[in-house]
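Letter by letter, the chains look like this.
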Amino acid sequence: MAYSDFVNRAQTGNDPAKVSAKQEASRIAGLIDTERNTPPTGSSPEQIEQMQSQKATRVNELLEELKTHTSILLGATIPDSFIGSVNSGLNAAGFATSMSVKPLTNKNRPTGSPPTSASNPQYAALNDRRDSPGGASYYIKGHLLNQQLGGIGDWVNLTPLSRSGNAQHERQAEAIVKRTVDLPAIVEYSVRPNYSARGDKSTLLVRINNSLDSTDAKRIKSAIVEAEDWVPQSLTIQAFIIDESLQRRNSILDQNIINPIDRDENSYHLASSPDRKSTRLNSSHSSVSRMPSS
């Protein structure tokens, strides 16, 4: 049980304050491990995702309680955080391929930065997609290493995430890593986006082309669909508590976090697109549905 092992290795000596802190920390760590080791239940992917989010929220609440006690136990043994690049490079679309950092701590950590405004043609196409007609952007520039943990806002540390995917990344991984680092603990942390083309692209492009959208709207939406081949389908996350010699002791995260994308043609809204009626012309049965257009 990762957090219990982490707490149990702390030395208290004859310090009564540390003895008391360790007892309470051990109790809370046991609750964290029980929560983490209980598999999510549900009859659908949506229910399982909801359960995972609820579990992550509970773990984060317990980590916040644990912080007070581990600060008494371990504060003096924490080394400086990493300095320098932790990213492996860019893929053909100009998006980050992976991030790893060791050690990650709350001591002398570099300052992160917000997402760059530097141009990226694939992201420019993706950024035309909105979550509703004329609404907020569907995609955001997601940090692999969170800005608050020292992550830079350059493309070497950024990947396109749907707003839902970014929220799950923050709740199920980033928040847990932040609170673990602030316990304080020494952490090794990695994030790898999983890029692959989507098998429904041809069908989706046909449906967009057969809609009643304007020629310009069809062109923009088709460009979005093409660019979505470069949107990661998931993020592989690993995090470990490590010791002062930077050796792994306990695993705290080892999971894939889905980056969900709605691929129904009616969900492709544009910044200047009001809803309008459309007929799916490639079907043997004509159907009318709400559809954005310019």
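With that settled, consider the confidence of the model for the protein. On average, residues of the protein carry a pLDDT of 87, and 91% of them reach 70 or more. Contacts for the low-pLDDT stretch residues 274-294, under 50 throughout, to residues beyond four places or in other chains number 60 contacts.

What follows is about the sheet that holds strand E7 (residues 248-258). Taken in spatial order, the 4 strands of this open sheet run E1-E5-E6-E7, and their pairing is antiparallel. The open sheet terminates on both sides in strands that have one partner only, identified here as strand E1 (99-104) and E7. Averaged over all pairs of adjacent strands, the angle between strand axes in this sheet comes to 10°, irrespective of strand direction. Looking at chain direction, strand E6 (residues 234-242) and E7 are connected through 9 bridges and run antiparallel. Its bridge partner lying in E7, Ile-241 is registered against Asn-250. Its contacts with the sheet put helix H5 (residues 163-181) on E1, strand E5 (187-194), E6 and E7, and the angle it makes with E7 is roughly 170°.

Our focus in this paragraph is the nonpolar core. In this structure, Tyr-3, Leu-66, Leu-104 and Tyr-189 are the most contacted members of the largest nonpolar core, which totals 43 residues. At the level of elements, helix H1 (2-8), helix H2 (16-37), helix H3 (45-74), E1, H5, E5, E6 and E7 are the ones that each hand at least two residues to this core. At 7 residues, H3 tops the list of elements feeding residues into this core. When sequence neighbours within four positions are dropped, the list of residues in contact with Leu-66 reads Tyr-3, Val-7, Ala-25, Ile-28, Ala-29, Ile-32 and Leu-183. Counting residues in each nonpolar core, the second largest holds 12 residues, with Ala-93, Phe-95, Leu-126 and Trp-155 among its members.

Before going further, it helps to spend a moment on the layout of surface pockets. For the largest pocket, the calculated volume is near 310 Å³. Around the largest pocket sit 17 residues that line it, and Arg-36, Lys-55, Ile-176, Leu-253 and Gln-255 are the ones nearest its centre. Contributions of two or more residues to the lining of the largest pocket are made by H2, H3, H5 and E7. For the lining of the largest pocket, the element with the most residues is E7, which contributes 5 residues. Of the residues that constitute the lining of the largest pocket, the class distribution is 7 nonpolar, 6 polar and 4 charged.

Along the chain, the position of Gly-135 falls in the loop between strand E2 (129-130) and strand E3 (139-143). The spacing of Gly-135 and Asn-146 is 11 residues in sequence and 25 Å in space, taken between C-alpha atoms.

Time to look at the pattern of salt bridges. Applying the stated criterion to the full structure yields 14 salt bridges. A salt bridge links Glu-61 to Arg-58, with the nearest nitrogen and oxygen atoms 3.7 Å apart. On the criterion of helical spacing, the pair formed by Glu-61 and Arg-58 is a turn pair, its members being 3 residues apart in helix H3. Classification of Glu-61 by relative accessible area gives partly exposed; the value is 43%.

Turning our eyes to something else, we now look at the side chain of Asn-250. Looking at where Asn-250 falls in the secondary structure, it is placed in strand E7. When its relative accessible area of 8% is taken as the criterion, Asn-250 is described as buried. Filtering out sequence-adjacent residues up to four positions away, Asn-250 remains in contact with Ala-2, Asp-5, Phe-6, Ala-239, Phe-240 and Ile-241.

Counting buried positions along E3 yields 4 of 5 residues, so the element is predominantly enclosed. Across 5 bridges, E3 lies against strand E4 (residues 158-162) in antiparallel orientation. Looking across to E4, one finds that Gly-142 is bridged to Thr-159.

Our next topic: H3. The largest bend along H3 reaches roughly 40° and is located at Thr-68. Within H3, burial applies to Ser-53, Lys-55, Ala-56, Val-59, Asn-60, Leu-62, Leu-63, Leu-66, His-69, Thr-70, Leu-73 and Leu-74. In this fold, the buried residues of H3 make contact with H1, H2 and H5.

A separate point is the environment of Tyr-139. Summarising the element assignment, Tyr-139 is placed in strand E3. Tyr-139 gets classed as buried once you look at its relative accessible area, which sits at 0%. Taking the C-alpha atoms as reference, Tyr-139 lies 21 Å from Gln-50; in sequence the two are 89 residues apart. Not counting residues within four places of it along the chain, the set of residues in contact with Tyr-139 comprises Tyr-123, Leu-126, Asn-127, Arg-129, Leu-161, Ser-162, Glu-228, Val-231 and Ile-261.

Each pair of packed helices gets described by two things: the angle between the helix axes and the distance between those axes. Relative orientation of the contacting elements H2 and H3 amounts to 165°, with a least axis distance of 8 Å. In terms of their interaxial angle, H2 and H3 are classed as roughly antiparallel. For H2 against H3, the interelement crossing comes out left-handed. Across the contact of H2 with H3, the residue classes break down as 13 nonpolar, 2 polar and 9 charged.

Reading guide: rules and limits
- Residues numbered from 1 in each chain as written.
- Predicted model: local features only at pLDDT ≥ 70, side-chain atom pairs only at ≥ 80, totals over all residues.
- Heavy atoms only, no water.
- pLDDT = per-residue confidence, 0-100.
- Contact = heavy atoms within 4.5 Å.
- Pairing = 2+ DSSP bridges.
- Helix = DSSP H or I, 4+ residues; strand = E, 2+ residues; numbered from the N terminus.
- Axes fitted to C-alpha atoms, helices over the stretch in contact; angles between N-to-C directions.
- Core = buried A, V, L, I, M, F, W, Y, C linked by side-chain atoms within 4.5 Å.
- Buried < 20%, exposed > 50% of the residue type's maximum accessible area, 1.4 Å probe, protein only.
- 1 Å grid on protein atoms, 1.4 Å probe; cavity = no way out; pocket = protein on both sides within 12 Å on 5 of 7 lines; lining within 4 Å.
- Points joined across faces, edges and corners; volume = space filled by probe spheres on them.
- Nonpolar A, V, L, I, M, F, W, Y, C, P; charged D, E, K, R; others polar.
- Salt bridge = Lys/Arg side-chain N within 4 Å of Asp/Glu carboxyl O.
- Bend = angle between axes of the 7 residues up to and from the residue.
- Parallel < 35°, antiparallel > 145°, perpendicular 65-115°, else oblique.
- Left-handed = near helix turned anticlockwise from the far one by under 90°.

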